[in-house]
Amino acid sequence: MMGADKNRPETALDFPHAERPVAPADSTRFSDEASRDKLNEAGDVMDRSGVEPGMTVADIGAGDGYYTVRLAARVGAKGRVLAQDIQPKVIERLADRVSRERLDNVSIKLGAVDDPRLPANSFDRVFLIHMYHEIAEPYAFLWRLRPALHKGGEVVVVDADRPTNQHGTPPRLLFCEMEAVGYKLVGFVEDERFGGYFARFTPEGARPEPGAIKPCTMAQVGGQVGAQSGTQGGSSTPAGGASIN
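The following refers to the structure shown. Fair warning: this is a prediction, and the values are worked out from it, not measured in the lab. (Residues numbered from 1 in each chain as written. Predicted model: local features only at pLDDT ≥ 70, side-chain atom pairs only at ≥ 80, totals over all residues. Heavy atoms only, no water.)

## Looking at the overall build of the chain
Broken down by element type, the chain carries eight helices and nine strands. Here the chain, with 245 residues, has 53% of them falling under the buried criterion. For the chain, the accessible surface area stands at approximately 10,800 Å², while carbon and sulfur atoms represent 49% of it. (Helix = DSSP H or I, 4+ residues; strand = E, 2+ residues; numbered from the N terminus. Buried < 20%, exposed > 50% of the residue type's maximum accessible area, 1.4 Å probe, protein only. Areas by Shrake-Rupley, 256 points an atom, 1.4 Å probe, with all protein chains shown as cover.)

## Remarks on the environment of Gly205
Residue position: Gly205 is located in the loop between strand S7 (196-203) and helix H8 (218-221). Distance in space between the C-alpha atoms of Gly205 and Lys184 is 9.2 Å, their sequence separation being 21 residues.

## Brief notes about the nonpolar core
Leu118, Val126, Leu128, Tyr183 and Phe201 are the most contacted members of the largest nonpolar core, which totals 40 residues. When contributions to this core are tallied by element, the ones reaching two or more residues are strand S1 (56-60), strand S4 (123-129), helix H6 (138-145), strand S5 (149-159), helix H7 (171-180), strand S6 (183-191), S7 and H8. For Val126, the contacting residues outside a window of four places in its chain are Ala58, Ile60, Leu118, Leu145, Leu149, Glu154, Val155 and Val156. Membership of the second largest hydrophobic core comes to 25 residues, among which are Met46, Leu94, Val156 and Val189. (Core = buried A, V, L, I, M, F, W, Y, C linked by side-chain atoms within 4.5 Å. Contact = heavy atoms within 4.5 Å.)

## Brief notes about the state of the cysteines
One pass over the full model with this rule turns up one disulfide. Shown here is the disulfide that connects Cys176 with Cys216, its sulfur atoms set 2.2 Å apart. Judged by the sign of its S-S torsion, about -105°, the bond between Cys176 and Cys216 is left-handed. Residue Cys176 is located in helix H7, and its partner Cys216 is located in the loop between S7 and H8; the two are separated by 40 residues in the primary sequence. Classification of Cys176 as buried rests on a relative accessible area of 3%. (Disulfide = S-S within 2.5 Å.)

## Some points on the packing of H6 against H7
Where H6 meets H7, the closest approach of the two axes is 9 Å, and the angle between their N-to-C directions is 55°. Between H6 and H7, the angle falls in the class oblique. Two packed elements cross with a definite hand, and for H6 against H7 that hand is right-handed. From H6, Pro138, Tyr139 and Leu142 reach across to H7, where they touch Glu177, Met178 and Ala180. (Axes fitted to C-alpha atoms, helices over the stretch in contact; angles between N-to-C directions. Parallel < 35°, antiparallel > 145°, perpendicular 65-115°, else oblique. Left-handed = near helix turned anticlockwise from the far one by under 90°.)

## Notes on unusual backbone geometry
The backbone phi angle of Asn40 is positive, close to 55°, even though this residue is not glycine. Residue placement: Asn40 occurs in the loop between helix H2 (33-38) and helix H3 (41-49). In this structure, Arg102 is a non-glycine residue whose phi angle is positive, near 55°.

## Here we look at the side chain of Arg97
Of note, Arg97 is situated in helix H5 (residues 88-100). For Arg97, the side chain forms a polar contact with the main-chain oxygen of Asp64, separated by 2.8 Å. Dropping the residues within four chain positions of it, Arg97 is found in contact with Glu33, Asp64, Gly65, Tyr66, Val69 and Arg70. (Polar contact = N/O pair within 3.5 Å; in protein donor to acceptor, adjacent residues only side chain to side chain.)

## Focus: H3
Burial runs high along H3: seven of the nine residues are buried. Within H3, burial applies to Glu41, Ala42, Gly43, Asp44, Val45, Met46 and Ser49. Next to the buried residues of H3 lie H2, helix H4 (66-75), S4, S5, S6 and S7. Among the residues trailing H3, Gly50 stands out with phi positive, at a value near 70°.

## Brief notes about H7
Counting buried positions over the ten residues of H7 gives eight, a clear majority of the element. For H7, the complete set of buried residues consists of Pro171, Leu173, Leu174, Phe175, Cys176, Glu177, Met178 and Ala180. Once H7 finishes, Gly182 follows within two positions and takes phi at roughly 95°, a positive value.

Pasting the structure below:
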């Protein structure tokens, strides 16, 4: 554990260490934008998420901005989009795109591996699209994300059902890590149009103290095999408790 702690940010040391590998952030693009639009990926995700004009939303791990520009169009002039990434060069490219496309309702922010650095009580929806598997400190990250949500706000995760070191997150693992920090699963559906599955979470109850968070073990979530929970009617509930964009 001491060896692992040497590689962790000091700001994350009060939180449990995640017992899983982390995919390298070796690309900022999940697929080309024309192919994604042909499948209506962003439109379907925004529809399922209930994104409406005037909302304030965050695109975490925004990458090249595929969702950023489409969220900006959906929320409109009275809405706001915060596009965040942890790579300075990515942020520079994204800022250039935002300026070039004159997206006046979009702000850009540099985040950290253990902290999305979002302003408190600000967001109706926070999107983690094809990037959850790259979060090296999920407990610290999710814990610090919670205060950023408005009452009734939701975190939306889209990812592939495969091991985290293969650029995906098995749903059971996602459910467990989210629940450990006090999020409730409110919607789940599998759909290959957006590369795997769609999940919605909302905070429930008090946010636990960092030292009280119980980390998920591979035994709890069935190892890195990507096994699904049972589904019914397009939704799923966790079994057993508990920057590509």
